[in-house]
Amino acid sequence: MSAVSSCVDGLVLRLYIQPKASRDSIVGLHGDELKVVITAPPVDGQANAHLTKYLAKQFRVAKSQVIIEKGELGRHKQVKILNPQNIPTEVAALSQQD
């Protein structure tokens, strides 16, 4: 399975998260996952909340349209983006490969 795949109502992203980075950024591929660095620490769900907010901004969707399907507690996550209005360049480049 690739890092970015389409589904009926949006996109499914397989992510590798690196918390406590100096800035928020979609880095690119990390093995077969998309690496995202975020500034939030992995404490009390702060990183998940921050990731959701960051991805919502990148894809121009409401936070409720970013769903963490797998990996709530780990660095490896599967996130679904419902009806994205915008596809960040790093993600678009990967979704062409399918």
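Calculation notes
Residue positions are counted from 1 within each chain, in the order its sequence is given. Thresholds applied to this predicted model are a pLDDT of at least 70 for local features of residues and 80 or more for the giving and counting of side-chain atom pairs; totals over whole chains, interfaces and linings are not thresholded and use all residues. The basis for the side-chain values is all heavy atoms of the structure; hydrogens and waters are excluded. Each helix is a run of H or I in the DSSP string that is no shorter than four residues. Each strand is a run of E no shorter than two, and both are numbered from the N terminus. To estimate how far a helix should extend, the number of its residues minus one is multiplied by 1.5 Å. Residue exposure (1.4 Å probe, protein chains only): buried if accessible area is under 20% of the type maximum, exposed if over 50%, otherwise partly exposed. Residues count as neighbours in contact if any of their non-hydrogen atoms are within 4.5 Å of one another. The term polar contact refers here to a pair of N or O atoms within 3.5 Å; inside protein, the definition further demands a hydrogen-donor-capable atom paired with an acceptor-capable atom, and it admits residues adjacent in sequence only when both atoms are side-chain atoms.

Quick look at helix α1 (residues 46-59)
Here comes step 1: The terminal C-alpha atoms of α1 lie 20 Å apart, and with 14 residues this matches the ideal 20 Å at 1.5 Å per residue to within 8%.
Here comes step 2: Where α1 is concerned, the buried positions are Ala47, Asn48, Leu51, Thr52, Tyr54, Leu55, Ala56 and Phe59.
Here comes step 3: Just downstream of α1 lies Arg60, where phi reads positive at about 55°.

Thoughts on the environment of Gln85
Here comes step 1: With respect to the helices and strands, Gln85 occurs in the loop between β6 (76-82) and α2 (89-95).
Here comes step 2: The class of Gln85 is exposed, set by a relative accessible area of 58%.
Here comes step 3: Apart from the residues lying within four places of it in its own chain, the contact partners of Gln85 are Phe59, Arg60 and Val61.
Here comes step 4: Side-chain polar atoms of Gln85 contact the backbone oxygen of Asn83, separated by 2.9 Å.

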